[in-house]
Amino acid sequence: MGAAMRRIHVGNALSAFGLGFTVPYLYVYVAQVRGLGAVTAGLVLAVFAVAALIVLPFAGRAIVRQGPLPVLQTALVTAAVGALGLGLAGGAASVLAAAALLGAGQAVMQPALATMIVDCSSAETRSRAFATQFFLQNLGLGVGGLIGGHLVDTTRVSSFTLLFAIEAAMFLLLVVVMATVRMPHSPRIESAPKQTGKGSWRQLLGNRAMVQLCVLGFVLFFACYGQFESGLSAYGVEAAGISTSALGTALAANTGMIVVAQFLVLRFVERRRRSRVIAAVGLIWAVAWLAAGYAGLGHGSQEMATAAFVSTYALFGLGEAMLSPTVAPLVADLAPEGLAGQYNSAFALVKQLALAVGPAVGGPMGASLHAPYIVTFLLFSLGISVLAIRLGRRLTEAQDQPWLVRNRVVARGGSAAEPVSAEA
């Protein structure tokens, strides 16, 4: 890694560490510590999603025109103001306004950082760069949540104010770190100022492979990430009788699997068709839903049910580790020169939509419709495999098998960093 990429990865870890401090405790803080009730706490969580959906359509165009670094720094300052505002706000209106700022800033960070990774990596190193990003994000969230849990005290508002102040400080520290990044080349292109927002979106929607990837991405995030803290946890408690401590163990198993498996699966993933890797993830997640079904619908002992439920989260983590070096580099390879920011923002928008719809659909089902819930998301997981195979038919060989194409270039005596011709 070059110096710029190292700083970007430090930035990813810092931002995840800051978010891990507060996100697990946001509901308790608003509803109980500030005494604003469950309705306001629910609205705060909804505001995060709404703010992201509002700003992301504009974030891509800003990244293309201004470059990802200025956009990232603006997003970080916005998130810092929102985090500090949450720690100091006492009324419903001020809490919702601060949540909107934090949600908007947090949403824009994702495509900006992803675009910086694209600009600072080559086709050879991109999968490993995104795998490292995902690894550090999960590590930062886990460590931040662990430390934050030991600092909070529901009887003292000041303990939560300290948490949000630390989160704001992490974002501002990241502004300083990012100011030292020297991008290898400017992502700004000559034609960008002449291209309207509608034109860039029209071009993206005309890319059939990217549209198919967005549909696939929606199903991925809806059927997995959108269920972690909503439908699946509700199902575990209501149907499988999982205790809160066992639920915490399951979440830890998910993070632990990612941390342990990320670089073990990387070499395997790098040498396979990306579409086949995503299809394999669908099958792994189908097995995870079967394990969840056994936990809640089987007739084994409580210990067996708990073990099956924990394994569900671990299998999801294995799939996530396979996706991190696959999906994000594929988005970058589908983007025309100079439009990686637009494509990253579009994919982040799809992710936010899935994360907004997933809990709304899965939460009530997981809590009351146990068998239909398992069957529904089992079918969604199998649908991931079908959609991935269909996407593979539309990808070029360089997009689906970049490792094989690079080897052919080197075998012909060229450089893997050189553009690959159509014959390759």
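See above for the structure.
How each quantity is defined
Residues numbered from 1 in each chain as written. Predicted model: local features only at pLDDT ≥ 70, side-chain atom pairs only at ≥ 80, totals over all residues. Heavy atoms only, no water. Helix = DSSP H or I, 4+ residues; strand = E, 2+ residues; numbered from the N terminus. Buried < 20%, exposed > 50% of the residue type's maximum accessible area, 1.4 Å probe, protein only. Contact = heavy atoms within 4.5 Å. Areas by Shrake-Rupley, 256 points an atom, 1.4 Å probe, with all protein chains shown as cover. 1 Å grid on protein atoms, 1.4 Å probe; cavity = no way out; pocket = protein on both sides within 12 Å on 5 of 7 lines; lining within 4 Å. Points joined across faces, edges and corners; volume = space filled by probe spheres on them. Axes fitted to C-alpha atoms, helices over the stretch in contact; angles between N-to-C directions. Parallel < 35°, antiparallel > 145°, perpendicular 65-115°, else oblique. Left-handed = near helix turned anticlockwise from the far one by under 90°.

Q: Looking at this structure, how should I read the overall build of the protein?
A: Of the regular secondary structure elements, the protein holds 18 helices and 0 strands. Buried residues in the protein amount to 53% of all 424 residues. Within the protein, contacts between residues separated by at least 24 positions form 84% of all contacts whose residues are at least 6 apart in sequence. For the protein, the computed accessible surface area is about 17,700 Å², with 66% contributed by carbon and sulfur atoms.

Q: Would you explain the environment of isoleucine 8 in this entry?
A: For isoleucine 8, the location among the structural elements is in helix H1 (residues 3-22). Of the residues examined, isoleucine 8 reaches a relative accessible area of 0% and is grouped as buried. Separated by 166 residues in the primary sequence, isoleucine 8 and leucine 174 place their C-alpha atoms 9.4 Å from one another. For isoleucine 8, the contacting residues outside a window of four places in its chain are Leu113, Met116, Ile117, Cys120 and Met178.

Q: In this structure, what is going on with empty space enclosed by the protein? I would like to understand it.
A: By rolling a water-sized probe across the atoms, one finds the places where empty space is left. Scanning all chains against the criterion turns up 2 cavities of 30 Å³ or more. Lining the largest cavity we find 12 residues, and of these Ser127, Val269, Glu270, Arg274 and Pro402 sit closest to its centre. Residue assignment for the lining of the largest cavity shows that the elements contributing at least two residues are helix H11 (244-270) and helix H18 (402-411). Broken down by element, the residue count for the lining of the largest cavity peaks at 3 residues, all from H18.

Q: I'm lost on the packing of helix H6 (residues 126-151) against helix H14 (residues 327-334) in this one. Help?
A: For any two helices packed against each other, one specifies the crossing angle of their axes together with the interaxial distance. Running from N to C, H6 and H14 cross one another at 135 degrees; their axes reach a closest spacing of 8 Å. As the angle between them shows, H6 and H14 are arranged oblique. Judged by the twist between their axes, the crossing of H6 over H14 is right-handed. Each of Arg126, Ser127 and Phe130 in H6 lies in contact with H14, whose residues at this interface are Ala328, Pro329, Ala332 and Asp333.

These values are about where atoms sit, not about what they do.
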